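Secondary and tertiary structure notes
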Amino acid sequence: ITGQHEHLAVTRGIDVAEHQQVQEKVTVLQVATDVERTQTMALAQFAQETASSLGLDIFAMGGTLLGSMRHHGFIPWDDDMDFYIVLDNWSQVF
């Protein structure tokens, strides 16, 4: 474990070596391929640019927000993105 993960393990009182052993034993099922994730990110960027050009405010929520903070990208077992629109903009959409 290096960097941020080591810092988190130490500050939370977790033995770094033990944490590393557990991480090595854990196998995460990745449900989307790298190509699918790249396409999803491109679609998200398109949605953000389109919303911005229309004067709409959208933001990430749920697993998308959690993944961006905790995993610096996608949650490995997640296969979608969650965006919300500000309620004041709702009438512009529908």
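Residues numbered from 1 in each chain as written. Predicted model: local features only at pLDDT ≥ 70, side-chain atom pairs only at ≥ 80, totals over all residues. Heavy atoms only, no water.

Broken down by element type, the protein chain carries 5 helices and 2 strands. For the protein chain, the N- to C-terminal ordering of α and β elements is α-α-α-β-α-β-α. Classification of the 94 residues of the protein chain by burial places 13% in the buried group. Summing over all exposed atoms, the protein chain offers an accessible surface of approximately 7300 Å²; the carbon and sulfur share of this is 58%. (Helix = DSSP H or I, 4+ residues; strand = E, 2+ residues; numbered from the N terminus. Buried < 20%, exposed > 50% of the residue type's maximum accessible area, 1.4 Å probe, protein only. Areas by Shrake-Rupley, 256 points an atom, 1.4 Å probe, with all protein chains shown as cover.)

For the rest of this paragraph, the subject is the side chain of Thr64. Tracing the sequence through the fold places Thr64 in helix α4 (residues 62-70). In contact with Thr64, not counting residues within four places along its chain, are Asp80, Met81 and Asp82. (Contact = heavy atoms within 4.5 Å.)

This next bit is on the confidence of the model for the protein chain. Averaged over every residue, the pLDDT of the protein chain is 77; the share at 70 or more is 69%. Per-element mean pLDDT across the protein chain ranges from 49 in helix α1 (residues 3-11) up to 90 in helix α3 (residues 34-53). (pLDDT = per-residue confidence, 0-100.)

With phi around 55°, His72 is a residue other than glycine that occupies positive phi space. One can find His72 in the loop between α4 and β2 (83-85). Classification of His72 as exposed rests on a relative accessible area of 58%.

Turning next to the packing of aromatic side chains. Taken as a whole, this structure holds 1 aromatic pair when the rule is applied. Seen in terms of ring centroids, Phe59 and Tyr84 are 6.2 Å apart; in terms of plane orientation they differ by 40°. Their pairing is tilted. Of the two residues, Phe59 is situated in strand β1 (residues 58-60) and Tyr84 in strand β2; the sequence distance between them amounts to 25 residues. Relative accessible area serves as the criterion here: at 46%, Tyr84 is assigned to the partly exposed category. (Phe/Tyr/Trp six-rings, centres within 6.5 Å; stacked < 30°, edge-to-face > 60°.)

Turning our eyes to something else, we now look at α3. Compared with an ideal rise of 1.5 Å per residue, which puts 20 residues at 28 Å, α3 spans 29 Å between its outermost C-alpha atoms and is within 8% of the ideal. Immediately beyond the C-terminal end of α3, within one or two residues, lies Gly55, with a positive phi of roughly 75°. (Expected span 1.5 Å × (residues − 1).)

Turning our eyes to something else, we now look at the environment of Ala32. Assignment of secondary structure puts Ala32 in the loop between α2 (16-25) and α3. Sequence separation between Ala32 and Asp78 is 46 residues; the distance between their C-alpha atoms is 7.6 Å.

Another aspect to go through is the environment of Asp82. By the secondary structure assignment, Asp82 is in the loop between α4 and β2. Given the relative accessible area of 23%, Asp82 is considered partly exposed. Residues Asp82 and Leu65, 17 residues apart in the sequence, show an inter-C-alpha distance of 7.9 Å. When near neighbours in sequence (up to four residues on either side) are disregarded, Asp82 contacts Phe59, Ala60, Met61, Gly62, Gly63 and Thr64. A polar atom in the side chain of Asp82 sits 3.2 Å from the backbone nitrogen of Gly63. (Polar contact = N/O pair within 3.5 Å; in protein donor to acceptor, adjacent residues only side chain to side chain.)

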